[in-house]
Each structure stands twice: as C-alpha cells, then as structure tokens.
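Here's the letter readout for the chains.
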Amino acid sequence: MSALARTLPIRAFDVAEIRMDFPILSRQVHGKPLVFLDSAASAQKPRAVLDAMTQAFECEYANVHRGAYWLSEKATTNYEAAREKVRAFINATSDSEIVFTKGATDAINLVAASYGRMVLKPGDEIVLTALEHHSNIVPWQLIAEQTGAVIKVVPINADGSVSVDRFADVICAKTRIVAVAHVSNVLGTVLPIELIAQLSHKVGAKLLVDGCQGIVHEQVDVQALGCDFYAFSGHKLYGPNAIGVLWARAELLAAMPPYQGGGEMIAIVTFEKSTWAEAPAKFEAGTPPIVPAIGLGAAIDYLNGIDRTAAAAHERDLLHYAMAELPKVPGVKLVGTAQNKASVQSFTMDGAHPHDLATVLDRSGVCVRAGHHCAQPLMDVLGVTATARASFGIYNTRGEVDALIVALHKAREVLQ
Ligand code: 7TS
C-alpha cells in the first residue's frame, strides 16, 4: 500500500455509498435505471479518478521529463507518483520495474516482441492455455512466426478450470515462455499462478501473467505469485483507458532490447549508433500517457481507501447469487462453473443468439456483453459461437442481478 493510502482511513464497505462515488450509475438508459454488468470489458470510473484527471489537465499539465520549469516538474512528479502507486499496489520491489504502456495488449506485445525475439529459437515452445484472450495469443503467434518457435496449448476442463497436471503434461525442456491469464475474461476461472510459476521455472521458462481481469478481483502481489511478467490495463481497474502496466523483474527489463524507438528511451543518439536509457524509460518511447497514468494512480488510491477484502466478498456474493438464479430462467445455461472463480459469469439461452439477447436486455437498461469475448479458440473448445456475459464490479448489487433475471424472462418471451 502506498504511503499516502496508509495515511488515509479505510472506509467500511457499503455498496450504497460506493455507488454514490460513480456518477454514471445514477443515469438512466431507455428510460430505465442503468444496470451496468459489463465491468470486465471496462469498468466505470469513480469521481476521484475524474477529479484527479481534471485537476491534472486544468492546473498541472505539461509534458514530462523535459521541462526545466515548475509546471513540467509538477507533471513529472505526478506521473512518477502514479508509478510508485502501481508499484506498491502490486508489491513490486522497485519503481523501475513498472513500465507504463497503452494497455495490457500493448504490454504483452512488448514482452513478445522484445523478450520473445531475444530468447526464442526454432523449435522452442511457448505454452498458452485454451482460455486465453486474443491479446495473449496473437502476439505470441506473430513472434513464433518470426522465430520458428511453436505454440503449445494447455487444455481446460469441462467446468472451465485448468488442472496443474495438464500444465505438467505440456511444459517441458523446450518451453521458454509460459503465458496465461490470471483470471479468464469469459469463464471467470482463477488460475493457480504460483504452481504454474513453479512448473515454468523448473524448466528454466519465464511466466507472463495476463492480469487484465486478475488485477481487478485479486489482491495481487507479484513477488508472492512468483511470475516474471504481469500485464494489466487501467480501464478495468476503475481507471481511465489508454494506460496499462507491464511489471517485469528488473533483471529481465535490463537484458531486454527496446520495443519501440523514439524520444525518452535513449541515452545518446548519433546517426551511427544509439544507446538506451535504463528501464523503465527504455520501454516508454515518446510522450507517455501522462494524465491517464495519473488517473490510474487515483483509481489505486480510491481502491486503497476501501476495504478490499469486504469488496471481494461482496463480488463473490453477487457471483454466487447470479450462479444460483440464472439457471432458474428456462433455457439458461451457465458457461464456466469452476470452483475458484472471479465475478464473471457467461451464459447462453436456448433458442436465442447472445447478441439478440444483449440487445433485448439493453431495452431494460441491462448492459451485458455478448459475443466471443476476444476468445475465439475458447468458443471452439466450448462448442459455441458466442455467449452472453454478466460481470460484476464493486458497485453492483443483488438488486441488479434481480433486474437481469427479470429482463431475461422478458427476453425469453420476445426471442423464443
Ligand atoms: N486479457 C484479458 C484477460 C482481457 O480480459 C482483456 C480485455 C485483454 C487482455 C485486453 O485488454 P486491453 O485493455 O488491452 O484491450 N477484455 C475484454 C473483455 O472481456 N471484453 O472487452 C474487453
């Protein structure tokens, strides 16, 4: 926890109070109260984040790391303070291990293009799971094509869980990189990262964790997880979009070549040869996402100011309530029922395409995502083309699950 957050009192968790922090939640859509059940795609923002970004633009804005004037120093201090907030939030050992990126996708591409290109040789293996988001598949395919490496896939069980034994079957002496989601964005499954890290390290492979969903629902300690890279986006963590984080072990960042060239990432440039700044600057070419980083810092302060253990229990309660109520709607089937799950629930309704379902639910003010969720290989494994998905954040309520259920009954009448 950051020094600032430690000095702030932690509020007892009260969902009614939390909802008041998020201005958008009081609006209506189609004349109905907004029931926002799509936080896994992007979460809503608390007033604290909006205010911090307005303050940064209105009063403290200049480019960073260049100006000799007060305003630029102030913007630089704010930007670097956000990095320290991220460091403390994930318990990294040093600020220099925190690289700001555009998002999780950008962070994974960075690792694939830089670390992947550095280590992969023909025949080397990259191990993924069947439940990965395209952002944790396609960057590896691109680098596999360029290096001659091969992708191996760990299968999932029927309930959406992933057995450590299956990893043990696939990880071998040829494995160089293991890249897995912390939490599945479709199934909600929480993967056993510590055990996967042990298996990866036994053969000398490095483990990248796609923490896009994990950072939201778990209290992440990168040192305890034992992974080597952890990537996430700000916008799912109640922060703004256009900001993401790559955490990597210092020695890996020191050894890795730059991903992109430009200003900020260099030490000396001549037409003959250029040399690089130290990490994290080496990986932050160009003007960085200054205000989004400050907004992410504000989101972390906000989360540090509430009882996150109670918030996690609240989300779990919503998940279990939804898992109990959804199957009572005729024709509705749950997709993803692993024991260890975060508050993300996919489902289907017999005779209704998920897209049509989402459109009809929207008329009741209920926002759910429908489609392949950027996980087409997982859809193939599940034998469906798409699912509908309700995902719950700290601000959702049992009443909103009830609203979903009522809207599903109505949708059944329209669609079946
Ligand atoms: N990895 C996972 C597990 C994700 O859930 C997402 C986004 C990404 C990577 C990519 O994040 P980005 O911020 O770089 O785009 N997932 C979703 C989703 O489930 N619905 O919309 C976006």
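Just above, that's the structure.
Values in this document were obtained by computation on a predicted structure and should not be read as measured data. (Residues numbered from 1 in each chain as written. Predicted model: local features only at pLDDT ≥ 70, side-chain atom pairs only at ≥ 80, totals over all residues. Heavy atoms only, no water.)

Draft legend 1. How the structure looks around the side chain of Thr76. Within the secondary structure layout, Thr76 lies in helix α4 (residues 70–90). The exposure class assigned to Thr76 is buried, which follows from its relative accessible area of 15%. Excluding its chain neighbours within four sequence positions, the residues that come into contact with Thr76 are Asn63, Val64 and His65. (Helix = DSSP H or I, 4+ residues; strand = E, 2+ residues; numbered from the N terminus. Buried < 20%, exposed > 50% of the residue type's maximum accessible area, 1.4 Å probe, protein only. Contact = heavy atoms within 4.5 Å.)

Draft legend 2. Representation of the packing of α4 against helix α12 (residues 290–304) in the model. Relative orientation of the contacting elements α4 and α12 amounts to 40°, with a least axis distance of 8 Å. On the basis of their axis angle, the class for α4 and α12 is oblique. Note on packing geometry: the crossing formed by α4 with α12 is left-handed. Residues Asn78, Tyr79, Ala82, Lys85, Val86 and Phe89 of α4 pack against Ile290, Ala293, Ile294, Leu296, Gly297, Ile300, Asp301, Leu303 and Asn304 of α12. (Axes fitted to C-alpha atoms, helices over the stretch in contact; angles between N-to-C directions. Parallel < 35°, antiparallel > 145°, perpendicular 65-115°, else oblique. Left-handed = near helix turned anticlockwise from the far one by under 90°.)

Draft legend 3. Main features of the pairing of strand β17 (residues 387–391). For β17, the buried fraction is high: 5 of the 5 residues fall into the buried class. A two-sided burial pattern is seen for β17, the buried positions comprising Thr387, Arg389 and Ser391 on one face and Ala388 and Ala390 on the other. Sheet topology note: the strand β14 (residues 344–349)/β17 ladder contains 4 bridges and is antiparallel. Of the residues in β17, the one forming a bridge with Ser346 is Arg389. Here 3 bridges tie strand β16 (residues 369–371) to β17, and the two strands are oriented antiparallel to one another. Of the residues in β17, the one forming a bridge with Ala370 is Ala388. (Pairing = 2+ DSSP bridges.)

Draft legend 4. Highlighting the side chain of Glu315. Take Glu315: it is sitting in helix α13 (residues 308–325). No salt bridge is formed by the buried Glu315. Its closest oppositely charged neighbour is Arg308, at 7.1 Å. A polar contact of 2.8 Å, which involves the side chain of Glu315, links it to the side chain of His217. (Lys, Arg positive; Asp, Glu negative; His and termini not counted. Salt bridge = Lys/Arg side-chain N within 4 Å of Asp/Glu carboxyl O. Polar contact = N/O pair within 3.5 Å; in protein donor to acceptor, adjacent residues only side chain to side chain.)

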